[in-house]
Amino acid sequence: MLDVLVVGAGPSGSRTAWNFSKKGYSVVLLDRAEIIGEPCQCAGLVTPRTFEYLGYERPILQEMDGARLWGPKDSFLDFQASETKALVIDRPDLDRSIAEKASDAGAELLHGHTYLGHEKIDGGIKASVKKKDKKFSIEAKLLVGADGPLSRVAKNAGISGKREILTAFGADVKGYKGRDTHVDLFVGSELAPRFFGWGIPTGPDEGRIGIATTLPHKPRHFFRDYFLKGAPSKLLGGAKIINLISGLIPFGTANPSYTDNVILTGDAAGMAKPTSGGGIYSGLISADAAFEVASKALDSNNLSANNLSEYQSLISTRIGGELTKGSYLRKAFLSLNDDQLAEIISILGEPEVKKTIERTGDLDYASLAAFSVLKTQPKLIKFAPHLLKPFI
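1. Details of the nonpolar core
Leu5 and Phe20 are the most contacted members of the largest nonpolar core, which has 68 residues in total. Counting residues per element, this core draws most heavily on helix α7 (residues 280-299), at 11 residues. By size, the runner-up hydrophobic cluster in this structure holds 30 residues, among which are Leu166, Ala168, Phe196 and Leu341.

2. Quick word on the layout of surface pockets
Over the atoms rolls a probe the size of a water molecule, and in doing so it shows where empty space is left. The volume enclosed by the second largest pocket comes to roughly 360 Å³. Gly71, Glu190, Leu191, Gly230 and Ala231 are the residues nearest the centre of the second largest pocket, which is lined by 18 residues in total. Taken together, the elements giving at least two residues each to the lining of the second largest pocket come down to β13 (182-188), α5 (219-226) and α6 (230-236). By residue number, the principal contributor to the lining of the second largest pocket is α6, which donates three residues. Tallied by class, residues from the lining of the second largest pocket come to seven nonpolar, four polar and seven charged.

3. Looking at the sheet that holds strand β3 (residues 45-46)
Strand order in the open sheet made by the three strands is β3-β7-β4, with antiparallel pairing throughout. Each edge of the open sheet is held by one strand with a lone partner, namely β3 and β4 (60-64). With two bridges joining them, β3 and strand β7 (residues 86-89) adopt antiparallel strand pairing. Bridging from a neighbouring strand, Leu45 pairs with Val88 of β7.

4. Focus: the pairing of strand β11 (residues 134-145)
Within a regular beta strand, the side chains point alternately toward one face of the sheet and then the other, so they alternate between its two faces. Bridge count for strand β1 (residues 2-7) against β11 is five bridges, and the pairing is parallel. Residue Leu2 lies in a different strand from β11, and its bridge partner there is Ala140. Relative to β11, strand β10 (residues 124-131) runs antiparallel, the two being bridged by seven bridges. Looking at β11, one finds that Lys130 is bridged to Lys135. Adjacent in sequence and paired antiparallel, β10 and β11 are bridged by two residues, among which Lys132 carries a positive phi angle near 55 degrees. Sheet analysis places β11 next to strand β18 (residues 262-264), joined by three bridges and oriented parallel. Bridge pairing links Leu143 to Val262 in β18.

5. Focus on the sheet that holds strand β14 (residues 192-203)
On the basis of which strands lie adjacent, the open sheet formed by seven strands has the order β6-β5-β13-β14-β15-β12-β16 and mixed pairing. What marks the edges here is a single partner per strand, and that holds for β6 (76-80) and β16 (240-251). Mean inter-strand twist for the sheet, computed between neighbouring axes without regard to direction, equals 15 degrees. As paired strands, strand β12 (residues 164-174) and strand β15 (residues 206-213) are joined by eight bridges and run antiparallel to one another. Directly across from Ala171, in β15, lies its bridge partner Ile209. Helix α9 (residues 310-334) rests against β12, β14 and β16 of the sheet, and its axis sits at about 110 degrees to β14.

6. Points about the packing of α9 against helix α12 (residues 366-376)
The interhelical angle for the contact between α9 and α12, taken along N-to-C directions, is 55 degrees, at an axis separation of 9 Å. Between α9 and α12, the interaxial angle falls into the category oblique. The way α9 lies across α12 gives a crossing that is left-handed. For the pair α9 and α12, the contacting residues are Glu322, Lys325 and Leu329 in the first and Ala366, Ser367 and Ala370 in the second.

7. Considering the packing of helix α11 (residues 351-360) against α12
To characterise two packed helices, one gives the angle between the axes of the helices and the distance between these axes. For the pair α11 and α12, interaxial distance at closest approach is 9 Å and the crossing angle is 160 degrees. Comparing their axes, α12 and α11 come out roughly antiparallel. Once α11 is placed against α12, the crossing between them reads as right-handed. Within the contact between the two elements, α11 uses Glu352, Val353, Thr356, Ile357 and Thr360 and α12 uses Ala369, Ser372, Val373 and Thr376.

8. Notes on unusual backbone geometry
With an omega of 10 degrees, the peptide bond between Leu215 and Pro216 qualifies as cis. Inspection of the secondary structure assignment puts Pro216 in the loop between β15 and α5. For the peptide bond that leads from Asn255 to Pro256, omega is 10 degrees, which places it in the cis range. Here Pro256 is to be found in the loop between β16 and β17 (258-259). Non-glycine residue Asn261 carries a positive phi angle of around 65 degrees. With respect to the helices, strands and loops of the structure, Asn261 is situated in the loop between β17 and β18. Classification of Asn261 by relative accessible area gives buried; the value is 6%. Phi at Asn301 takes a positive value of approximately 55 degrees, unusual for a residue other than glycine. Mapped onto the elements of the fold, Asn301 is located in the loop between α7 and α8 (305-308). For Asn301, a relative accessible area of 65% gives the class exposed.

9. Describing the packing of aromatic side chains
Under the criterion given, the structure shown has 13 aromatic pairs. The interplanar angle of 80 degrees and the centroid separation of 5.5 Å between the aromatic rings of Phe20 and Tyr25 together place this pair among those described as edge-to-face. The exposure classification of Phe20 matches that of Tyr25, with both residues buried. Grouped by ring-pair contacts, the aromatic residues Trp70, Phe76, Phe186 and Tyr226 constitute a single cluster. If you follow Lys22 out to its NZ or CZ, it ends over the ring of Trp18, 4.6 Å from the centre. Taking the ring centre of Tyr281 as reference, the NZ or CZ of Arg49 above it sits at 5.7 Å.

About the criteria used
Residues numbered from 1 in each chain as written. Predicted model: local features only at pLDDT ≥ 70, side-chain atom pairs only at ≥ 80, totals over all residues. Heavy atoms only, no water. Core = buried A, V, L, I, M, F, W, Y, C linked by side-chain atoms within 4.5 Å. Buried < 20%, exposed > 50% of the residue type's maximum accessible area, 1.4 Å probe, protein only. Helix = DSSP H or I, 4+ residues; strand = E, 2+ residues; numbered from the N terminus. 1 Å grid on protein atoms, 1.4 Å probe; cavity = no way out; pocket = protein on both sides within 12 Å on 5 of 7 lines; lining within 4 Å. Points joined across faces, edges and corners; volume = space filled by probe spheres on them. Nonpolar A, V, L, I, M, F, W, Y, C, P; charged D, E, K, R; others polar. Pairing = 2+ DSSP bridges. Axes fitted to C-alpha atoms, helices over the stretch in contact; angles between N-to-C directions. Contact = heavy atoms within 4.5 Å. Parallel < 35°, antiparallel > 145°, perpendicular 65-115°, else oblique. Left-handed = near helix turned anticlockwise from the far one by under 90°. Phe/Tyr/Trp six-rings, centres within 6.5 Å; stacked < 30°, edge-to-face > 60°. Lys NZ or Arg CZ within 6 Å of the ring centre and 35° of its normal.

Any link to function would need more than the numbers given here.
Below is the structure:
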């Protein structure tokens, strides 16, 4: 019987497999994709902190030190920070690099394999796996579900819960007319209802654009309009699509994120940030927390839910507070109409408020900037009084 079976070779799953393999545990890392990281389902924007936490770097396509915000009623803001705030990366390359670290440390990598389900057996679980037309079983003491927003592991383990799921659609394009080092963000009911759209320069004359929203809205419809009208069309006139990108973004931390012999990480555990939709950094944090707790449980030969429960506390302490604050920020955002969004963008353009955003803006910890902005301009609280709840 294996020590650990990890389902999903995204950043959190591969990081978990890498952690266990480095310490000598027997590990299988399984992913349904024939090529790890493909197809890409991410905008590929991370903070420098992500590489610091990861412990090594990968090629950077662009460094971002500013942002342009396009909103309703021709509202517009241009932010310019004094330091790099985000990095544009090749996301499939990142996924493959962490999986390779796990493999080099001793994990067996099974790509092109689909997890079908599992059952509880004495001392662990027995997972059913499919490779093309061949089905077989893998027995393991611990099953790690790192299989994304619609985690089959979570569902089979009985720990999947209700949460908000966004659908995202985008593309890499040639002929993008964005501003180097600046991310473009689009908000409002006509551009990106219930979330936002984005444009990210990835190289000379190239960019990555997209939009995420919730049902019944369909992101593909708004994506198509980006080429035809409104602020996005100013950046996309004549642009050609190189390849399409789509995916799901889950909001809401799974609680519990564990049960007997099973633990969830990354998007399966609800690690995506409600403010940006990004989940790589928080997913890595969850992977390390899962290893810390589950390795002790393996060593004690006790993988009961009770013995894994510390995991929930660790992710809550290390990143859960920020995710909770982010959920309040999202609720506030959803309560706004287009007129209010335009007024807020006007207020954010006030010199002192703008300086505050440029100084404190942080993709991983958006609540820090939000609280700083509220202190600088308290009249913003009128738009969402419940915003104060997580900060007092």
